[in-house]
Amino acid sequence: MNFKEKMQEMGYVVIPEAIEKEEIEIIRNFYKETSNINNLSTLLPTDILKNTEVFHAILNDKSVTVIKEIFGKSFSLFPNFTIRESVYIPWHNDAYFLSDEVINLYAPLQFMQCAIYLQDNDPEYGGGITLIPFSHRLNQTTVKKMLNTPQAYEKVIMSKAGDLILWDNRITHRSTYPDKAPDNTKLALQWTVSASKQHNELYLQYLRDRAQHSMHVSDYLPKSPKPYFADMPNVRYPDSFHQDSLKIMKTQNIHFIGL
């Protein structure tokens, strides 16, 4: 079964070792330095663009190749790339704000969430993603019933440092909570990709609204992501991007959709 088939059936795929150990250390050190300066646990998109080594982890050949294979064509980035620390979000879905045409159980995949985890994750120490496989192909009523006893359906995705996890944004998922205090900072480099040619404005409007309104379960957590959403309009193409980044995006045929 190839990555596209796995995504269609399960709603997620794991790509081992998307980035190398040296890159992991660079990104972790960048997060620590930047977070100490701005006192944010969700870094700003403009922060990410300041360091080409960090931003280029999103553009690495292995990840881009798999994303293109799943979509069957080139894709677009939104201005919501970030590094997040120890953000534990309850059960939720990242697509219900979209139109029925997009979240229809039989609709083709339009949006994927992407996360490269920067440490090993497991059920004991948490840090990764737990999801309900196949839930991207179930209606909301069925999923809500399943969430009455989620332990009967959930799957904890075991991931190693540097692994990339991609998931259909219609799948129901949550953060993997730790049972024990982790011995290192839990970090993830996260972004969203789109294959859509007609539904991106819905997603962009959602990103705009998140800066002003509480619309997602994470908006009610102690560490508010609102500064992160408020920063997204500051990402301007091509002015905000390093010339090396622009060359990679052009070569890889990766598009950017700004606010």
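As a reminder, the structure under discussion sits directly above these lines.
Please read all numbers here as calculations on a predicted model, not as lab measurements.

A.B. asks: Would you take a moment to explain the overall build of the protein chain for this structure?
C.D. replies: Summing up its helical and strand segments, the protein chain has 10 helices and 10 strands in all. Taking 2.2 N^0.38 as the reference for a compact globule, 259 residues should give roughly 18 Å; the C-alpha atoms of the protein chain span a radius of gyration of 17 Å, in line with that estimate. For the protein chain, the spread of C-alpha atoms along the three principal axes comes to 50 × 45 × 40 Å. Each of the 259 residues in the protein chain was classed as buried or not, and the buried ones make up 53%.

A.B. asks: Looking at this structure, I do not really get helix α8 (residues 200-210). What am I missing?
C.D. replies: Each α-helix turn comprises 3.6 residues. Residues three or four places apart therefore point the same way. Those residues of α8 not exposed but buried are Asn200, Tyr203, Leu204, Tyr206, Leu207 and Arg210. Here the buried residues of α8 occupy an arc of 155° about the axis, which is enough to place them on one side. On its buried side, α8 packs onto β4 (111-117), β9 (187-194) and α9 (226-231).

A.B. asks: Any chance you could explain a negative patch on the surface here in plain terms?
C.D. replies: Taken together, the side chains of Glu17, Glu20, Glu22 and Glu25 define an acidic patch exposed on the protein surface. With respect to the helices and strands, Glu22 occurs in helix α2 (residues 21-38).

A.B. asks: Explain the pattern of salt bridges here, please?
C.D. replies: If charged atoms from side chains of opposite charge come close, those side chains can pair. All told, the structure shown has 6 salt bridges when counted by the stated rule. Lys180 serves as the salt-bridge partner of Glu124, at 2.8 Å between the closest nitrogen and oxygen. Placement of Glu124 in the loop between β4 and β5 (129-131) and of Lys180 in the loop between β8 (173-175) and β9 is noted, with a sequence separation of 56 residues between them. For Arg170, the salt bridge goes to Asp168, with nearest N and O atoms at 2.8 Å. The residues Arg170 and Asp168 share a single accessibility class, namely buried.

A.B. asks: Can you help me understand empty space enclosed by the protein in this one?
C.D. replies: Unfilled space is identified by rolling a water-sized probe across the atoms. Tallying each qualifying case throughout the model produces 2 cavities of 30 Å³ or more. Reported here for the largest cavity is a volume of approximately 550 Å³. The wall of the largest cavity is formed by 35 residues, among which Arg84, Ile89, His92, Trp167 and Gln190 lie closest to the centre. The leading source of residues in the lining of the largest cavity is β9, at 5 residues. A class-by-class count of the residues in the lining of the largest cavity yields 17 nonpolar, 13 polar and 5 charged. In this structure, the second largest cavity occupies an estimated 30 Å³ of space. Taken together, the residues of the lining of the second largest cavity sort by class into 2 nonpolar, 5 polar and 2 charged.

A.B. asks: Hey, could you run me through the sheet that holds β8 in this one?
C.D. replies: Whenever strands of a sheet pair, they do so through backbone hydrogen bonds, lying parallel or antiparallel. In spatial order, the strands read β6-β5-β8; together these 3 strands make up an open sheet with antiparallel pairing. Because the sheet does not close on itself, it has two edges, and the strands there are β6 (155-156) and β8. Summarising the sheet, β5 and β6 pair through 2 bridges and their orientation is antiparallel. Bridge pairing in β6 links Leu131 to Lys155.

A.B. asks: Help me understand the environment of Val193 in this model?
C.D. replies: Note that Val193 resides in strand β9. In this structure, the C-alpha to C-alpha distance between Val193 and Ile67, residues 126 residues apart in sequence, is 8.4 Å. What Val193 contacts, discounting residues up to four positions off in sequence, is Ile67, Phe71, Phe75, Ser76, Leu77, Gln110, Phe111, Met112 and Cys114.

The rules behind these values
- Residues numbered from 1 in each chain as written.
- Predicted model: local features only at pLDDT ≥ 70, side-chain atom pairs only at ≥ 80, totals over all residues.
- Heavy atoms only, no water.
- Helix = DSSP H or I, 4+ residues; strand = E, 2+ residues; numbered from the N terminus.
- Rg over C-alpha atoms; globule rule 2.2 N^0.38 Å.
- Buried < 20%, exposed > 50% of the residue type's maximum accessible area, 1.4 Å probe, protein only.
- Arc of directions from axis to C-beta.
- Contact = heavy atoms within 4.5 Å.
- Patch = residues over 30% accessible without salt bridge, like charges linked within 9 Å, V, L, I, M, F, W, Y side chains within 5 Å.
- Areas by Shrake-Rupley, 256 points an atom, 1.4 Å probe, with all protein chains shown as cover.
- Salt bridge = Lys/Arg side-chain N within 4 Å of Asp/Glu carboxyl O.
- Lys, Arg positive; Asp, Glu negative; His and termini not counted.
- Charge placed at Lys NZ, Arg CZ, Asp CG, Glu CD.
- 1 Å grid on protein atoms, 1.4 Å probe; cavity = no way out; pocket = protein on both sides within 12 Å on 5 of 7 lines; lining within 4 Å.
- Points joined across faces, edges and corners; volume = space filled by probe spheres on them.
- Nonpolar A, V, L, I, M, F, W, Y, C, P; charged D, E, K, R; others polar.
- Pairing = 2+ DSSP bridges.

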